[in-house]
Structure formats: structure tokens, C-alpha cells
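# Topology and contacts: notes
One letter stands for each residue in the lines below.
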Amino acid sequence: MFDPAMFQRSADVRGVYPNQINEELAWLSGKYLVRSLRKTLGEDSTPGILVGRDGRTSSPAIYAALIQGISAEGGRPIASGLATTDMIQWGVGEGTCGAHAGVMITASHNPAEYNGIKSVFKNKETGGVDLMRPSDHLAPQFEEDGDDGSATDSVTAPFPTAGKMSLQEDFVEAALSRSDRLGDSSGKIVLDPGNGVGGLFRPLLKTALERRGAKVELLAVAEQIDGRFPTRPSNPGLPGAVALLQETVIAEGAAFGAAFDGDADRVFLVDEWGQFVSGSVMLAALAKNMVEKNNNSGTVVYSAVSSWIVPETVRAAGGQPILSRVGQDAAKVALAKTKAVFGGESSAHYNFPDTYCLDSGLFAMVTFWDMLLESGLSCSQLLGQLKPWPNSGEVNLRVECADWKSMSTEVIAAIKTEFSDDSKNSYVLDIDGVSVFNPRVPEYATTDDVFTIDQQGDPTGRIYRQVEDYTPDWWFNVRASNNEPLLRLNFESRDGSEVAGRTYSLISRIRELCGDRAKISVQDWGNLK
């Protein structure tokens, strides 16, 4: 059996294999995706669905079952095999082999025991590639389904009709085409796929760069695809996760290093000194570049937990910052509605509106590499132009109780109530968990005056807000994880001396609110320890 609650998720199907997600759930997901697509394409249509998988040990079985489910419902599975998430999204945008939609079998940055199903479709109205939310596309079909336990007799092999599908090569070529300067590159670059499916990149990049006449030497650590992730966690953003990459960059004298997550749609950088570059700093640097190339104008979408360096940098470049709820489903709505020139999240998702609003680690790496070549500066020199705020990093609190989701909701509501009191002199925004910004200023009487609502694009103000010309002295966010029993806490201040103390006080307050009903332990200390 599988966990039908997986169909109620808001972004993707994701859980522990085989208890929550398994071959049965994958087969039904393929079936339901076809049914859902027919409601848009026409009941007599044959939806083409591009399917890829990462290197997790459970992925081949889930991949095969999902393909069979698509076929059993009369859809046309387009089997791409090993792929990165952004390859599948890009392939849907390009209409590869007539694809209308795409599915990636991956649990992204989650540990090895997890797996998931991430689905997207081409939005004809916006030209972008949008998420197919399980709660919208799978749950209704599950509710309407019957109770016949007979097994289907329709079976399709999880292999392509012909053997020359060039999705991987075409995607890498599309990424490299974003720069006209890579043919002049030299020195060394180090890639760290972390044993994830990003291990596909180096040989493809090497061949394509050699055709351009580049003299650069591409090196790699943890390149072998291994779904057990033996070298480091699949999430390169965790403290200490990229230590091997940092050591290798220094030892080899490389210009920079790039660490991808398990499905390679996210990337974190390491500069030539081995210093880790946060997702917010990278987001600010890329956003600055995009705004400047757009005649010092344009909107930039950033997630609610990103550093204040992002809106600060965007405004300084002449752009307009747009704060969105965390998650690619919200980010892509905001990107389309505001006609943004760029967007991203501090988790190292970077979106390219000129290419289906694709969030791509490889596109981001190539864009940054081009920025280095254009500037003539080193990685540390280029990023040193930005001034990050002192911050806690993301502190993850594990919530152990009978119902962690209800407890998290209660904690967030209590914090919102406390800081909404006039004595706290703060703006409180609940677009994602609860964010508190201090102090209030005379120019902006209310939260809605600082974070204004787009009455046409998002009249509820629950997806994104435009950020006015305001800068806090300090701010924090507390929100619940979508996938794990965690409360995520971010604190940032202009004054570095108060970061630790205020963060510890907030952790203590959360423990007080939970009392003896839940055990709160610190799973990740962020930048604090």
C-alpha cells in the first residue's frame, strides 16, 4: 500500500520509500496525470509526458511504474532515463518529442531514503513551465477513481522507441549558449555533483567547451552517480557539506567550484579561496547583472527567507524587488505576473524568465561564469562588491510530537500575535509562516504599505508582494518545512552583535510555546555553530 496523503501535497509528491511512496503510487500518478492533462488538451488527446529520473536506488522502479501508468491510461510516455530536473523542465518548454508535460522522479535534496514525483506542464498563456500541483492534478482524480482491485493488463517498457534522444546534450548546449565568452575561458573549474545526477554534466560540458575552443580544465569530486550519496548529503547547502569541494578548489587553484543538489536544479558556489557563497549572495549577484543588462530596470522575484541583501542590491541597480512565498510554484506565478527579469530563492533556485521561467543550476553557473569573464575579476572580488548582512543562516528545529504540523501552525500563529502588538513596533507579514520586520517607520503606517499588493496579479497578497523603499534594522522568519517535521528559522540584522542573542531568544520562545507537548531540538545550527 502507499500513503494517499501524498496526493494532497502542494508542490510535489515526496516521501520515504517504500512506505509513503512506491511503485503503486507511481503507477497511479502516471494514470492520474494523463487524466488531468486531458481536461486541458481534450478528452480524445494523447498527452505526451517526458519522464526522467535521478540516481537514487529506488528511482528506476518508480520511473518504470510511472511510465506504465501513463501508458495504461492512453498517454504517451517519453522515456529520457537519467536526467536532471531542469533538463526535464527545459525539454517540456522546448516540446521535446512533442511533450506537453514532464515528470521527474526525484526527492531533490532529501536524504537517500526519500523519493518523489515532480510534474510540470507548458503554460500556453505565459509561455512558462509551471508545476502540476498534486493537490490540483492528482488528488481530484484519486477521489473520482473507483474501487476495482483488478490489475491492468497494459504494460509499457520504460525505454525509448529509438536510441538517439539528445535531451542531455541539447540542454547543456542551451545552457552554454547563454555566454559568448566561454570559448576564451582557461584555468580550472571544479564541479561537485555530490553523487547526484549532476554527474552527467562534466563530460557533456567538456565536449561542448572543446568545440568552442575553450582551454579550461573541468575537474570533479563526488562525480559517480550513487543514490546512497556516500560522499556528502544531497543538499549542498547544509553546514560543512561541501568541505571536499572547498579543499579541492584551493588545492587545484581553481577559479571557483560549483556544488549541485541531488537532482541538479540547484547550485551553490565556492570561491577561489574555498569560501562558501550563500544562495542569497549568489541571487543578489545574478539579479544585479540581469537588472543592469535590462537598462537598470525590471522586477526581480525573491523568496521570503532570502537575505535583505537581495532587495537592497536590486534597488541599488535600479530594479524593483518582489517578495514571494517560498517555493517554485509561488515564484513562477510571481515571475509571470510581474514580467520579472530574474528571480530565485536563497535555497539556490535561480529562475530565468527568458527560458520558460526555468530554475536551473547549470544555467546559473554558466551565467555567473560569464559575469566573471566579462568583469575580469576573481570570484571573491566580484562577490566582494556585495555586503551581506550578518545572519543566523537557516536554523532547523526538529518538532517531535503527535502532530508536528498542528504544533508548527500554533507556534507560528502565536509569534504573529505577539509581534503584531503595537509595543513591538514591527511589521508582521504572514505570506509564508511569519516574518517580522523592525522597526516601523513614519512613511509606512502598516505592513501592507511596506509590502504592497498587486491588485491585478495577486489580489489576495498570499503569493507575492512588491517591496517599497524600506529597510529594517533586523528581521526574522519562522516557517514550517513542507517535507519534514521541522520549523525553519532565519534571523538577520544590520548589527552583527545581536544575531546570536536574538536567535537564541527566539528558539527559547518557541520551546516555551510548545511546553511539554513537543520536544524541540536543534537539528541544524545554520551559521551559529
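The structure this text deals with has already been given above.
Quick look at the structure, then. (Residues numbered from 1 in each chain as written. Predicted model: local features only at pLDDT ≥ 70, side-chain atom pairs only at ≥ 80, totals over all residues. Heavy atoms only, no water.)

## A short note on empty space enclosed by the protein
Applying the stated criterion to the full structure yields one cavity of 30 Å³ or more. Considering the residues around the largest cavity, the lining is formed by Ala11, Asp12, Val13, Leu33, Ile117, Lys118, Ser119, Met132, Pro134 and Leu138. Here the lining of the largest cavity gets three residues from one element, more than from any other, and that element is strand 5 (residues 114-122). Broken down by class, the residue content of the lining of the largest cavity amounts to seven nonpolar, one polar and two charged. (1 Å grid on protein atoms, 1.4 Å probe; cavity = no way out; pocket = protein on both sides within 12 Å on 5 of 7 lines; lining within 4 Å. Points joined across faces, edges and corners; volume = space filled by probe spheres on them. Helix = DSSP H or I, 4+ residues; strand = E, 2+ residues; numbered from the N terminus. Nonpolar A, V, L, I, M, F, W, Y, C, P; charged D, E, K, R; others polar.)

## A look at the sheet that holds strand 22 (residues 474-480)
Sheet architecture is open: six strands sit in the order 18-19-22-23-17-24, paired in antiparallel fashion. Lying at the two open borders of the sheet, with one neighbouring strand each, are strand 18 (427-429) and strand 24 (519-524). Across the sheet, the mean angle separating the axes of adjacent strands is 20° when strand polarity is ignored. Bridge count between strand 17 (residues 395-400) and strand 24: five bridges; the pairing is antiparallel. In the strand pairing of strand 24, valine 399 is matched with isoleucine 520. Packing of helix 16 (residues 499-514) onto the sheet brings it into contact with strand 17, strand 22, strand 23 (486-493) and strand 24, and relative to strand 23 it is tilted by some 150°. (Pairing = 2+ DSSP bridges. Axes fitted to C-alpha atoms, helices over the stretch in contact; angles between N-to-C directions. Contact = heavy atoms within 4.5 Å.)

## Remarks on helix 11 (residues 328-337)
The element helix 11 is extensively covered by neighbouring structure, given that seven of its 10 residues are classed as buried. Just past helix 11, the residue lysine 339 takes up positive phi, approximately 50°. (Buried < 20%, exposed > 50% of the residue type's maximum accessible area, 1.4 Å probe, protein only.)

## Considerations on unusual backbone geometry
Here the residue pair tyrosine 17 and proline 18 is connected by a cis peptide bond, since its omega of 0° sits within 30 degrees of zero. Its place among the elements puts proline 18 in the loop between strand 1 (13-16) and helix 1 (23-41). Here asparagine 438 and proline 439 are connected by a cis peptide whose omega angle stands at 5°. Here proline 439 lies in the loop between strand 19 (434-438) and helix 15 (447-450). Unlike most non-glycine residues, phenylalanine 229 shows phi in positive territory, near 50°.

## Section: the packing of aromatic side chains
Each aromatic ring pair is summarised here by two numbers: the centre-to-centre distance and the angle between the ring planes. Scanning the entire structure with this criterion turns up 20 aromatic pairs. The ring centre of tyrosine 63 lies 5.9 Å from the NZ or CZ of arginine 53, which sits over that ring. Above the plane of the ring of phenylalanine 419 lies lysine 424, whose end atom (NZ or CZ) is 5.1 Å from the centre. (Phe/Tyr/Trp six-rings, centres within 6.5 Å; stacked < 30°, edge-to-face > 60°. Lys NZ or Arg CZ within 6 Å of the ring centre and 35° of its normal.)

## Details of the environment of serine 278
As for its placement among the helices and strands, serine 278 is situated in the loop between strand 11 (276-277) and helix 9 (279-293). Each C-alpha atom of the pair serine 278 and glutamine 89 lies 25 Å from the other, and the pair is 189 residues apart in sequence.

## Examining the nonpolar core
In this structure, Phe201, Leu205, Tyr350 and Phe368 are the most contacted members of the largest nonpolar core, which totals 87 residues. When residues no more than four places from it in sequence are discounted, the contact partners of phenylalanine 368 are Leu269, Met282, Leu286, Cys379, Leu382 and Leu383. Among the nonpolar cores identified, the runner-up in size contains 29 residues, and Ala65, Leu66, Ile105 and Leu138 belong to it. (Core = buried A, V, L, I, M, F, W, Y, C linked by side-chain atoms within 4.5 Å.)

## A closer look at the sheet that holds strand 14 (residues 342-345)
Here we have seven strands laid out as an open sheet, ordered 16-15-14-12-13-21-20, and mixed in their pairing. Every other strand in the sheet has two partners, leaving strand 16 (358-359) and strand 20 (451-452) as the edge strands with one partner each. Both strand 14 and strand 15 (residues 349-352) contribute to a ladder of three bridges, which runs antiparallel. Paired with glycine 343 across the bridge in strand 15 is asparagine 351.

## A short note on the pattern of salt bridges
Taken as a whole, this structure holds 37 salt bridges when the rule is applied. A salt bridge links arginine 9 to aspartate 12; the nearest nitrogen and oxygen atoms lie 3.2 Å apart. Each of the two residues, arginine 9 as well as aspartate 12, counts as buried. For the salt bridge of arginine 14 with aspartate 12, the shortest nitrogen-to-oxygen distance reads 2.6 Å. As far as the burial class goes, arginine 14 and aspartate 12 line up, both buried. What you see here is one network of salt bridges that share partners, running through Lys31, Arg35, Glu73 and Asp145. (Salt bridge = Lys/Arg side-chain N within 4 Å of Asp/Glu carboxyl O.)

## Overview of the pairing of strand 23
Taken across its eight residues, strand 23 has eight buried, putting it largely inside the fold. Side chains of strand 23 alternate between two faces, with Leu486, Arg488, Asn490 and Glu492 and Leu487, Leu489, Phe491 and Ser493 buried alike. The pairing of strand 17 with strand 23 spans four bridges and is classified as antiparallel. Across the sheet, the residue bridging to asparagine 396 is arginine 488, located in strand 23. Sheet analysis places strand 22 next to strand 23, joined by seven bridges and oriented antiparallel.

## Let's talk about the packing of helix 1 against helix 2 (residues 59-72)
For the pair helix 1 and helix 2, interaxial distance at closest approach is 7 Å and the crossing angle is 35°. Of the two possible hands of crossing, helix 1 and helix 2 adopt the one that is right-handed. On the side of helix 1, the interface is formed by Glu23, Ala26, Trp27, Ser29, Gly30, Lys31 and Val34, while helix 2 contributes Ala61, Ile62, Ala65, Leu66, Gln68, Gly69, Ile70 and Ala72. Residue composition of the contact of helix 1 with helix 2, by class: nine nonpolar, four polar and two charged. (Left-handed = near helix turned anticlockwise from the far one by under 90°.)

## Considering the packing of helix 14 (residues 404-420) against helix 16
The description of two helices packed together rests on the angle between their axes and the distance between the axes. Close contact between helix 14 and helix 16 brings their axes to 10 Å; oriented N to C, the two are set at 120°. As judged from the angle between their axes, helix 14 and helix 16 are oblique. At the point where helix 14 passes helix 16, the crossing takes the right-handed sense. Contacts between helix 14 and helix 16 involve Met407, Glu410, Val411, Ala414, Ile415 and Glu418 on the former and, on the latter, Leu506, Arg509, Ile510, Leu513 and Cys514. Along the lines of polarity and charge, the residues of the contact of helix 14 with helix 16 split into eight nonpolar, no polar and three charged. (Parallel < 35°, antiparallel > 145°, perpendicular 65-115°, else oblique.)

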